[in-house]
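# Structural overview
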Amino acid sequence: MRIPGMSNPVPEVAPDGWAGVATQQLTAPDGTTVVLQRAAAGELARAYPVGRGDVSVRIENVGSEPAPALATLIQSIWQADPECRRIVLAVPSEDESLRAIAEEAGLGRAIEVDLGADRVVQLMIAESEEAKKLTGEVEEMPGG
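Throughout what follows, the structure given in this document is the object of discussion. What you see is a predicted model, and the numbers here were worked out from it, not measured in a lab. (Residues numbered from 1 in each chain as written. Predicted model: local features only at pLDDT ≥ 70, side-chain atom pairs only at ≥ 80, totals over all residues. Heavy atoms only, no water.)

## Points about the layout of surface pockets
A volume near 240 Å³ is recorded for the largest pocket. Taken together, 14 residues line the largest pocket, and the ones lying closest to its centre are Glu 43, Val 57, Arg 58, Ala 90 and Arg 119. The set of elements that each furnish at least two residues to the lining of the largest pocket consists of strand S3 (55-61) and strand S4 (86-92). Looking at the lining of the largest pocket, the element that brings in the most residues is S3, giving four residues. Taken together, the residues of the lining of the largest pocket sort by class into eight nonpolar, three polar and three charged. (1 Å grid on protein atoms, 1.4 Å probe; cavity = no way out; pocket = protein on both sides within 12 Å on 5 of 7 lines; lining within 4 Å. Points joined across faces, edges and corners; volume = space filled by probe spheres on them. Helix = DSSP H or I, 4+ residues; strand = E, 2+ residues; numbered from the N terminus. Nonpolar A, V, L, I, M, F, W, Y, C, P; charged D, E, K, R; others polar.)

In structure tokens:
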């Protein structure tokens with residue numbers, strides 16, 4: 001699926017996921033460059049309860065309007081990949097600027113995790129409508 005203005009398309013999703021696609025790099029017209037990867041295949045695999053369809057996003061270069069570019073990317077991933085329930089961005093704990101960009105793009109703070117080698121990050125997450133419904137159902141359970 002091609003994202004308007006992005007240099008490369010989001011990989012089409014096969015029934016078994018992004019088979020054979022380790023990572024995918026995309027560049028927005030403003031210069032923001034991101035790398036997509038299945039969260040279960042990357043450094044976040046043991047950082048939280050990863051779903052098999054979760055996608056991790058790493059921002060390689062911040063362009064002139066990164067929040068709108070990231071928001072567009074998030075919406076495009078939902079359209080391209082019905083198996084994706086969460087989109088996750090690991091923000092270094094001290095990076096207030098990147099955290100603000102993520103929040104403006106619609107990601108919410110989830111948890112802080114230690115990835116080792118003195119790397120502590122705040123996981124910023126966007127959830128699909130289906131995942132939000134499941135989260136709501138769990139929160140409504142007695143003791144939840």
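## Side note on the sheet that holds strand S5 (residues 108-114)
Within a sheet, adjacent strands bond to each other through the backbone by hydrogen bonds, running parallel or antiparallel. As summarised here, the arrangement of the six strands in space is S1-S2-S3-S4-S6-S5, forming an open sheet in which the pairing is mixed. Either end of the sheet is taken by a strand with one partner, and the two such strands are strand S1 (24-27) and S5. With strand direction ignored, the average angle separating the axes of adjacent strands in the sheet is 30°. Judged from the six bridges that link them, strand S2 (residues 33-38) and S3 form a sheet pairing that is antiparallel. Residue pairing in the sheet places Leu 36 in a bridge with Val 57 of S3. Packing against the sheet, helix H2 (residues 96-104) makes contact with S3, S4, S5 and strand S6 (120-127), and its axis sits at approximately 160° to S4. (Pairing = 2+ DSSP bridges. Axes fitted to C-alpha atoms, helices over the stretch in contact; angles between N-to-C directions. Contact = heavy atoms within 4.5 Å.)

## Things to note about the side chain of Asp 54
The topology assignment puts Asp 54 in the loop between S2 and S3. Of note is the side chain of Asp 54, whose polar atom sits 3.2 Å from the side chain of Arg 86. Sequence-distant contacts of Asp 54, that is, excluding residues within four places in its chain, are made with Gln 37, Arg 38, Ala 39, Tyr 48, Pro 49, Arg 85 and Arg 86. (Polar contact = N/O pair within 3.5 Å; in protein donor to acceptor, adjacent residues only side chain to side chain.)

## Notes on helix H1 (residues 66-80)
Look at H1: 21 Å from first C-alpha to last across 15 residues, which is about the 21 Å you get at 1.5 Å a residue. Within the sequence span of H1, burial applies to Pro 66, Ala 67, Ala 69, Leu 70, Leu 73, Ile 74, Ser 76, Ile 77 and Ala 80. For H1, the secondary structure elements touched by its buried residues are S1, S2, S3, S4, H2 and S6. (Expected span 1.5 Å × (residues − 1). Buried < 20%, exposed > 50% of the residue type's maximum accessible area, 1.4 Å probe, protein only.)

## Digging into the pattern of salt bridges
Pairs can form between side chains of opposite charge whenever their charged atoms are close. Counted under the stated rule, the structure contains eight salt bridges. The partner of Glu 83 in a salt bridge is Arg 52, and the shortest N-O contact between them spans 3.1 Å. A residue pair is termed long-range when its members are at least 10 positions apart, and Glu 83 in the loop between H1 and S4 and Arg 52 in the loop between S2 and S3 qualify at 31 residues. A residue is classified by how much of its surface remains accessible, and Glu 83, at 40% relative accessible area, is partly exposed. With relative accessibility at 57%, the residue Arg 52 sits in the exposed group. Notably, a salt bridge pairs Glu 60 with Arg 58, separated by 2.5 Å at the nearest N-O pair. Exposure remark for Arg 58: the relative accessible area of 42% places this residue in the partly exposed category. Sharing partners across several salt bridges, the network here consists of Asp 54, Arg 86 and Glu 127. (Salt bridge = Lys/Arg side-chain N within 4 Å of Asp/Glu carboxyl O.)

Honestly, it's all geometry; don't read function into it.
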